[in-house]
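Listed below, chain by chain, are the residues.
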Amino acid sequence: MFKDKLRVGIAGLGTVGGGVVKLFESTARLGERLSLTAVSARSRGRARGVDIAGYRWFDDPVAMAADPDIDVVVEVIGGGEGVAKNVVETALARGAHVVTANKALLAVHGAALARLAERNGTKLLFEAAVGGGVPMVKALKESLSGCRATAVAGILNGTCNYILTEMEASGRSFEAVLADAQRLGYAEADPTMDVGGFDAAHKLTLLAAIAFGVLPDFDHVRIEGIERVSLTDIRMAGKLGYRIKLIAKAAQAEGGVEMHVRPALLSVEHPLANIGGSLNALVVDAEPVGQLTFIGRGAGEGPTAASVASDLMDLAEERGGHVFGRPVAQLADAPRASPVERGRYYLRLMVFDRPGVVAAVSDKLAHEDISIESFLQMPAPGEQAVPIVLTTQACGRAAVEAAVRAIHALGVTAEPPYIMPVEETRARFGA
Ligand SMILES: NC(=O)c1ccc[n+]([C@@H]2O[C@H](COP(=O)([O-])OP(=O)(O)OC[C@H]3O[C@@H](n4cnc5c(N)ncnc54)[C@H](OP(=O)(O)O)[C@@H]3O)[C@@H](O)[C@H]2O)c1
């Protein structure tokens, strides 16, 4: 019986790896088709809340990946380079399957690793790398393989979404909410990967590769984090009927695929506007199916381990398919589309409260042919600079940037104006 089961080795026993061990202990179905035989982490003696005494221990996860008695290596160490990469390469090169949750690795080395898997007739599956427990990868790779995607847009980083949601709910600043999130373990000590938008960009790279049949190309994503989003922006956007979210979006555009991660204003009717806290969500626009939305827990032990387990079941059932949904030779070089720059924009200006300032701002916008859609000024008693926010009617980004430069040059603003796009609501539910 044992030989009929795929023998699994887990490299990394942290949040995700520990969760996978627990699933092996609690989920009969997994144990019917697969057998957990080996584990590896940095420290054997570390208390983990799971009993690993019954599994072969490897001090070196690369040695485990090279062991011929292991059929599937689960790589849940993390990191775009170094040991995780060695583990995955070693396993694929000798013909073992790999299941990984490592978006940082795949976003940068995904094409090379997919080629390596193909050459050796093995599978490389990564449902857990994007959206935690939400089956975004399989939805695009399998369920929507008969459709033509035109856009994928998501909330792919739970830390950023938690921070923005908490800022709105509690009225506390970005810095205060981030410090709390770090204390509670929702944010890393070095939050750059999350709040800087890089983690969402890694995930977007993988989704775009599958959705549009292009080679994963992380360098092509234009990335802007949430560090400049202030409480003023959240409050003013709210007064105008919008909510601010970090949106990761890839879309077919003239000349190729355009990918960006950036904070944006969403009208409350947008399907992503009400995704709160640490949830993740993805909206897919595809022909002829229309619009689909996937929502769920994007991180954490249980949801992420569940996605790893579903990849393991695919291997046991001989499913899984090509790494990015089609053979690497059929993936196009991601043509770098010119960004879609036309749309509505939000501007926040911190202006010195002097007569004539509003007229001067309007004048500079008019000079660039930009029409104002809404305008709000918030009193800031006792402070030197007061916030003015406005949204524009549809215009080119270059024009907005030119107007902003001209406004800043007037010497009436205390800091460089902040620009965010307004994300248009395409099809609405039921539309
Ligand atoms: N956490 C989530 O919710 C989540 C969600 C989606 C995807 N992911 C991805 O899943 C992966 C793992 O994340 P995680 O949160 O589980 O990480 P984690 O809790 O930090 O665990 C990492 C594990 O890797 C082991 N490790 C680190 N360096 C090692 C080395 N040189 N040799 C052997 N073992 C080593 C650690 O060993 P010790 O325990 O002995 O220190 C630890 O068990 C990452 O790629 C992450 O991006 C995580």
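## Let's talk about the domain arrangement of the protein chain
And then number 1: Each assigned domain of the protein chain is listed here: domain 1 (2-129), domain 2 (137-297) and domain 3 (342-423).
And then number 2: Centre-to-centre separation of domain 2 and domain 3, based on C-alpha positions: 25 Å.
And then number 3: Facing 20 residues of domain 2, the contacting portion of domain 3 comprises 20 residues.
And then number 4: Between domain 2 and domain 3, a total of about 1800 Å² is buried, with carbon and sulfur atoms accounting for 62% of that surface.

## A look at the packing of aromatic side chains
And then number 1: As enumerated under the stated definition, the model contains two aromatic pairs in all.
And then number 2: Taken together, a centroid distance of 5.5 Å and an interplanar angle of 50° make the contact between F126 and F324 tilted. Taken as a pair, F126 in the loop between β6 (124-125) and α6 (136-143) and F324 in the loop between α12 (301-316) and β13 (342-343) lie far apart in primary sequence, 198 residues in all. With respect to burial, F126 and F324 carry one shared label: buried.
And then number 3: An angle of 75° between the planes, with centres 4.9 Å apart, marks the rings of Y162 and Y186 as edge-to-face. With Y162 in helix α7 (residues 158-170) and Y186 in the loop between α8 (174-184) and α9 (192-195), this residue pair connects regions lying 24 residues apart in the sequence.
And then number 4: The buried category is assigned to Y162, whose relative accessible area is 13%.
And then number 5: Residue classification places Y186 among the partly exposed residues on the basis of a relative accessible area of 47%.

## So, the site of the ligand
And then number 1: Every one of the 22 residues lining the ligand counts as a neighbour, but L13, S43, R46, R48 and G300 are closest to it.
And then number 2: In this structure, G14 approaches the ligand through a main-chain N or O atom, which is 3.0 Å from an oxygen atom.
And then number 3: Look at the ligand: alone it shows 900 Å² of surface, and the protein chains cover 78% of it.
And then number 4: Of the residues contributing to the shell around the ligand, the split by class is 10 nonpolar, eight polar and four charged.

Definitions and cut-offs
- Residues numbered from 1 in each chain as written.
- Predicted model: local features only at pLDDT ≥ 70, side-chain atom pairs only at ≥ 80, totals over all residues.
- Heavy atoms only, no water.
- Domains from an automatic or database assignment.
- Contact = heavy atoms within 4.5 Å.
- Buried area = accessible area lost by both parts, 1.4 Å probe.
- Phe/Tyr/Trp six-rings, centres within 6.5 Å; stacked < 30°, edge-to-face > 60°.
- Helix = DSSP H or I, 4+ residues; strand = E, 2+ residues; numbered from the N terminus.
- Buried < 20%, exposed > 50% of the residue type's maximum accessible area, 1.4 Å probe, protein only.
- Near = heavy atom within 4 Å.
- Polar contact = N/O pair within 3.5 Å; in protein donor to acceptor, adjacent residues only side chain to side chain.
- Areas by Shrake-Rupley, 256 points an atom, 1.4 Å probe, with all protein chains shown as cover.
- Nonpolar A, V, L, I, M, F, W, Y, C, P; charged D, E, K, R; others polar.

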